[in-house]
Amino acid sequence: MCGINGVFEQNPKKGTSAIEKLQLMNLCIVHRGPDDDGIFIELKDDYTIAMGMRRLAIIDLESGKQPIYTTDRSKVIVFNGEIYNYKTLRTSLDKDGVQFETSSDTEVILKLYEKYGTAAFSKLDGMFAFSIYDAAIEKLFITRDYFGEKPLYYTQEGNNFYWASELKSIIAVKEQASEISKEGLNLYFQLTYIPAPYTIYEGIHKLEADTYISFDCKRFEYDIFPIKHSFKNFDLGDKKEVIKLNHDLVQQTVLSRSVSDVPLGTFLSGGVDSSIISLSLAQQTAAKIDTFSIGFEKKSFDETDKSREVAKLIGSNHHEFIIGEKDLSENLDEILLNFDEPFADSSALANYVVSNKTRQYVKVALTGDGGDEVYGGYNKYYMAALNKKYTQFIPQNLHKFIMNTAQPLLRTQGDNRGKRFKMNRLLKAIDYKGGFYYDIISLGFQENELSIILKNEFRNTEGFESFKNKIGKNNQTLKDFRNIDRLLSLEGDMLVKVDRSSMLTSLECRAPFLNKKLWNFTSQVPENYLIKGLDKKHLLKESFKQYFPNGFLNKTKKGFGVPVGDWLREGLRPELEKYLEIDFLARQGIFDSSVIIPLVRNHIDAKEDNTFRVWTYYCFQKWYVNTFIKYNNQ
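These notes cover the structure that comes with them. (Residues numbered from 1 in each chain as written. Predicted model: local features only at pLDDT ≥ 70, side-chain atom pairs only at ≥ 80, totals over all residues. Heavy atoms only, no water.)

### Some points on the environment of Asn 5
So, step 1. Mapped onto the secondary structure, Asn 5 falls in strand E1 (residues 2–10).
So, step 2. Judged by its relative accessible area of 0%, Asn 5 is buried.
So, step 3. For Asn 5, the side chain forms a polar contact with the main-chain oxygen of Met 25, separated by 3.2 Å.
So, step 4. Only 2.9 Å separates the side chain of Asn 5 from the side chain of Asn 26, close enough to count as a polar contact. (Helix = DSSP H or I, 4+ residues; strand = E, 2+ residues; numbered from the N terminus. Buried < 20%, exposed > 50% of the residue type's maximum accessible area, 1.4 Å probe, protein only. Polar contact = N/O pair within 3.5 Å; in protein donor to acceptor, adjacent residues only side chain to side chain.)

Here it is as structure tokens:
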């Protein structure tokens, strides 16, 4: 696990130093790889290329130093991630007479590329972002994994091209400041995060998951291509056989993700996903495994009783940490600003705390991330049937009347996500034009609200159009919704949260459910195997229910929530109020103060609960003041 950086300079001028830029970029991400670093540089008459990395040593501790070269040194790689099937791939290459100098998965990627070219990328099972420079053909290849677990940013500036694991590296060396991207800004305020290919900066992009850049060094041109896969069709058989096959696939993927030369444990929240991952690891490990969970002083958010029950069941060495506002306030700026752009998933705070405490015991942690997307675990997946029935029987004018009548009744004053909160979200997501799923994943502001809070020059009317054109506009099936989540929510939110908050503490997190073979399998099974009536994740629970007490896997779970709504009224209130000052808003010129001030004030004064929207606003302003302004004034 590492972080990577790269610099390409066309027609480098005398005095320009790609190596100095690369060293600065590496310095920005020491937290991603505190164990080691490495640099490659190639000086040509018409261009310079430099690649660097910071390493967190997990596999092949002695000989896994990067960059790694082919035998003739014509090809070189820097790599961030883990390849879980590298031993199988290496065995196949061994049979073909390929020689290896290390035991690392990094060298396997390079040798695989040497043999198969870019077709090698589809053979990899893992989380990764890497760059390969092929001097023989003078091309650079930059690649990102199937789900987008590992980040990769890139930009072209004049005669320079930069790529990096984190935005901060690019910002540190970019010669001219970038303006705020209208697309990125609008997506952020709707979703509370910014999915690829957008960032908050105009001209800086995220490489989309499951794609690669092919960069021609001689022509200074690049194209982006999808990685082409040949997924197998499963012989599913009857439901009993599907349940058995799913059980075995989960066990296999947990085993593959547990390969490590350093101590390893699991995050255990007590929910279905983390409980099954922890159980599977415990069943495959001779010694007791270490499990880690956090709870909250605010009891309505605390669910440590569930994690304790599972820990006792599997006989783990369980570590439990109870946290309050103080635990997070000390690190709040560090956590939020480490994302380098606005990011308002508040569970990142809790993820940082559990990562930081877990890192005191182990270097790698397995998580339950991806279980909801792979197996159909979200309430929002019911929305297709509900929206269809509702719009069939309730005329649009009547719906408007219901909304106007219900809004005052459904408002909550405290940071409470109970029935009234969920009903309010459900009604807001009803859509008579078929766009309901994009409405329901908009956890910040609805599209019509953006036209009110943002000034015209910052409005982008495209909204989700680019994603709809790619994914499809008539999304009605569970498979459609899961695919939207894979491309937007997973890549832009869930995986960003885990990567940045854990790597900030130098902890590697692995998500066994994010296995493209497992995704392909669950995409082929009948949808009522995933959600049967109101039973979400039906297939996953049926596959493992024999190991748990009767009914345990059907217990409700609140999720990894953090009571930020309360904090915005209390400890964070002075800072939040500074972001409401008329002079500040006027200088900024982004928001309509007559709209945004009352919205935030109503929350601060406990007249209504606007947690999601106010937290989204707060995180943006924190980024704007502490990162964007400083970047533009550097």
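Structure shown, so let's carry the discussion forward.
### Quick word on the pattern of salt bridges
So, step 1. Overall, the coordinates contain 36 salt bridges when judged by the stated rule.
So, step 2. Among the ionic pairs, Glu 166 bridges to Arg 32, the shortest N-O distance being 2.9 Å. With Glu 166 in the loop between strand E9 (160–164) and helix H4 (167–173) and Arg 32 in the loop between helix H1 (18–28) and strand E2 (36–43), this residue pair connects regions lying 134 residues apart in the sequence.
So, step 3. We classify Glu 166 as buried; its relative accessible area is 0%.
So, step 4. Linking Arg 573 and Glu 577 is a salt bridge whose minimum nitrogen-to-oxygen distance equals 3.0 Å. With a gap of four residues between them, Arg 573 and Glu 577 both fall in helix H24 (residues 573–578), about one helical turn apart.
So, step 5. Of the residues examined, Arg 573 reaches a relative accessible area of 26% and is grouped as partly exposed.
So, step 6. What you see here is one network of salt bridges that share partners, running through Arg 32, Lys 150, Glu 166, Lys 168, Asp 340, Asp 499 and Arg 500. (Salt bridge = Lys/Arg side-chain N within 4 Å of Asp/Glu carboxyl O.)

### Notes on the sheet that holds strand E10 (residues 204–206)
So, step 1. As summarised here, the arrangement of the six strands in space is E2-E3-E1-E9-E8-E10, forming an open sheet in which the pairing is antiparallel. The sheet is open, and its two borders are formed by E2 and E10, each paired with just one other strand. When the angles between neighbouring strand axes are averaged without regard to direction, this sheet yields 10 degrees.
So, step 2. Both strand E8 (residues 153–157) and E10 contribute to a ladder of three bridges, which runs antiparallel. (Pairing = 2+ DSSP bridges. Axes fitted to C-alpha atoms, helices over the stretch in contact; angles between N-to-C directions.)

### What about the packing of aromatic side chains?
So, step 1. What the rule picks out here adds up to 51 aromatic pairs.
So, step 2. Here the aromatic rings of Tyr 198 and Phe 467 are separated by 6.0 Å at their centres, their planes lie at 70 degrees, and the arrangement is edge-to-face. Highlighted residues: Tyr 198 in the loop between helix H5 (182–191) and E10 and Phe 467 in helix H18 (residues 465–471), separated in sequence by 269 residues.
So, step 3. Classification of Phe 467 as buried rests on a relative accessible area of 4%.
So, step 4. Here Lys 115 stacks its cationic end above the ring of Tyr 116, 5.5 Å away from the centre of that ring.
So, step 5. The ring of Trp 519 is capped by Arg 482, whose NZ or CZ atom sits 4.4 Å from the centre of that ring. (Phe/Tyr/Trp six-rings, centres within 6.5 Å; stacked < 30°, edge-to-face > 60°. Lys NZ or Arg CZ within 6 Å of the ring centre and 35° of its normal.)

### Let's talk about the side chain of Arg 257
So, step 1. Within the secondary structure layout, Arg 257 lies in the loop between helix H6 (239–256) and strand E13 (264–267).
So, step 2. In this structure Arg 257 comes out as buried when scored by relative accessible area, which is 0%.
So, step 3. A distance of 2.9 Å separates polar atoms of two side chains, one belonging to Arg 257 and the other to Asp 125.
So, step 4. Of note is the side chain of Arg 257, whose polar atom sits 3.3 Å from the backbone oxygen of Leu 514.
So, step 5. Non-local contacts of Arg 257, meaning those with residues more than four positions away in its chain, are made with Tyr 84, Asp 125, Leu 264, Leu 366, Arg 510, Ala 511, Pro 512, Leu 514 and Asn 515. (Contact = heavy atoms within 4.5 Å.)

### Re helix H11 (residues 347–358)
So, step 1. Along its twelve residues, H11 runs 16 Å from first to last C-alpha, staying within 8% of the 16 Å computed at 1.5 Å per residue.
So, step 2. The element H11 is extensively covered by neighbouring structure, given that ten of its twelve residues are classed as buried.
So, step 3. When H11 is considered as a whole, its buried residues turn out to be Ser 347, Ala 348, Leu 349, Ala 350, Asn 351, Tyr 352, Val 353, Val 354, Ser 355 and Thr 358. (Expected span 1.5 Å × (residues − 1).)

### Here we look at the packing of helix H26 (residues 593–604) against helix H27 (residues 611–632)
For any two helices packed against each other, the geometry is given by the interaxial angle and the distance between the axes.
So, step 1. The N-to-C vectors of H26 and H27 enclose an angle of 120 degrees; their axes lie 10 Å apart at closest approach. By the angle between their axes, H26 is oblique relative to H27. You can see that H26 and H27 cross each other, and the crossing is left-handed. On H27, the residues touching Ile 596, Leu 599, Val 600 and His 603 of H26 are Thr 611, Arg 613, Val 614 and Tyr 617. (Parallel < 35°, antiparallel > 145°, perpendicular 65-115°, else oblique. Left-handed = near helix turned anticlockwise from the far one by under 90°.)

### Digging into the pairing of E1
So, step 1. The element E1 is largely enclosed, with a buried count of nine among its nine residues.
So, step 2. Residues of E1 alternate between two faces, with Cys 2, Ile 4, Gly 6, Phe 8 and Gln 10 on one and Gly 3, Asn 5, Val 7 and Glu 9 on the opposite face, all of them buried.
So, step 3. Judged from the nine bridges that link them, E1 and strand E3 (residues 47–55) form a sheet pairing that is antiparallel. What sits directly across from Gly 6, in E3, is Met 51.
So, step 4. Of the pairings in the sheet, the one linking E1 to E9 comprises five bridges and is antiparallel in character. Note that in E9 the partner of Asn 5 across the bridge is Ala 164.

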